[in-house]
Amino acid sequence: MSYYDPKVYDPKKLLGEDAAVMEGFSLCGQMVLDWLDETAEGMTAYGGVPIFDVIYSQVAHDIRQHVADLLDGRRVELTVSLMEAEPERYATD
């Protein structure tokens, strides 16, 4: 992967199918993060042992943070990859 410059590799600059790929990636990632949020927040509703509910919620929160960091890194890699696949399309002055 090339050096990441956010001014050059801005996902908002993606066009056509590339923009659709990025939108799909973002939507899928957000669905996973939303599910992890629900898991972290909703454990007390199941009527389990309170301490296990707290631990399970904390683990879900920690996993969510880790997944969010991974998705951010993959978003950068995907943007760079899409833009470098067609450099003439995304040429900057």
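Scroll up to find the structure.
Trainee: What is the right way to look at the overall build of the chain in this model?
Mentor: Helix and strand content of the chain: 2 helices and 0 strands. Here the chain holds 93 residues, and 23% of them are scored as buried. Put simply, of all contacts in the chain between residues at least 6 apart along the chain, 74% involve residues at least 24 apart. Accessible surface computed for the chain: about 6,700 Å², of which carbon and sulfur atoms make up 60%.

Trainee: Any chance you could explain the environment of Leu71 here in plain terms?
Mentor: Here Leu71 shows up in helix α2 (residues 50–85). Filtering out sequence-adjacent residues up to four positions away, Leu71 remains in contact with Phe25, Gly29 and Leu33.

Trainee: Help me out: how do you make sense of the pattern of salt bridges in this one?
Mentor: A side chain of one charge can pair with a side chain of the opposite charge if their charged atoms are brought near each other. Taken as a whole and assessed by the stated rule, the structure comprises 5 salt bridges. For Arg89, the salt bridge identified is with Asp18, shortest N-O distance 3.5 Å. Pair noted here: Arg89 is in the segment after α2 and Asp18 is in helix α1 (residues 16–41), with a separation of 71 residues, a long-range link. In this structure, Asp72 engages Arg75 in a salt bridge whose closest nitrogen and oxygen atoms are separated by 2.9 Å. Placement of both Asp72 and Arg75 in helix α2 is noted, with a separation of 3 residues, approximately one turn of the helix. Using a relative accessible area of 43% as the deciding quantity, one classes Asp72 as partly exposed. For Arg75, a relative accessible area of 22% gives the class partly exposed. Linked through salt bridges whose partners overlap, the residues forming this network are Asp18, Glu86 and Arg89.

Trainee: Where do I start with the side chain of Thr79 in this structure?
Mentor: With respect to the element layout, Thr79 can be found in helix α2. Owing to a relative accessible area of 1%, Thr79 belongs among the buried residues under this scheme. Setting aside residues no more than four positions away along its own chain, Thr79 makes contact with Tyr9, Asp10, Pro11 and Met22.

Trainee: Explain α2 to me, please; I cannot follow it from the model alone.
Mentor: Three- or four-residue spacings in an α-helix give side chains the same orientation, since the helix completes a turn every 3.6 residues. In this model, α2 (36 residues) spans 51 Å end to end at C-alpha, consistent with the 52 Å of a helix rising 1.5 Å per residue. Turning to α2, its buried residues are Asp53, Ser57, Ala60, Arg64, Ala68, Leu71, Thr79, Val80, Leu82 and Met83. On its buried side, α2 packs onto α1.

Trainee: Explain the packing of α1 against α2 here, please?
Mentor: The relative placement of two packed helices is expressed as an angle between their axes plus a distance between the axes. Look at α1 against α2: their axes get within 8 Å of each other, and the N-to-C directions meet at 175 degrees. The pairing of α1 with α2 is recorded here as roughly antiparallel in orientation. Each residue belonging to the contact of α1 with α2 can be placed in one class, and the counts come to 15 nonpolar, 6 polar and 5 charged.

How each quantity is defined
- Residues numbered from 1 in each chain as written.
- Predicted model: local features only at pLDDT ≥ 70, side-chain atom pairs only at ≥ 80, totals over all residues.
- Heavy atoms only, no water.
- Helix = DSSP H or I, 4+ residues; strand = E, 2+ residues; numbered from the N terminus.
- Buried < 20%, exposed > 50% of the residue type's maximum accessible area, 1.4 Å probe, protein only.
- Contact = heavy atoms within 4.5 Å.
- Areas by Shrake-Rupley, 256 points an atom, 1.4 Å probe, with all protein chains shown as cover.
- Salt bridge = Lys/Arg side-chain N within 4 Å of Asp/Glu carboxyl O.
- Expected span 1.5 Å × (residues − 1).
- Axes fitted to C-alpha atoms, helices over the stretch in contact; angles between N-to-C directions.
- Parallel < 35°, antiparallel > 145°, perpendicular 65-115°, else oblique.
- Nonpolar A, V, L, I, M, F, W, Y, C, P; charged D, E, K, R; others polar.

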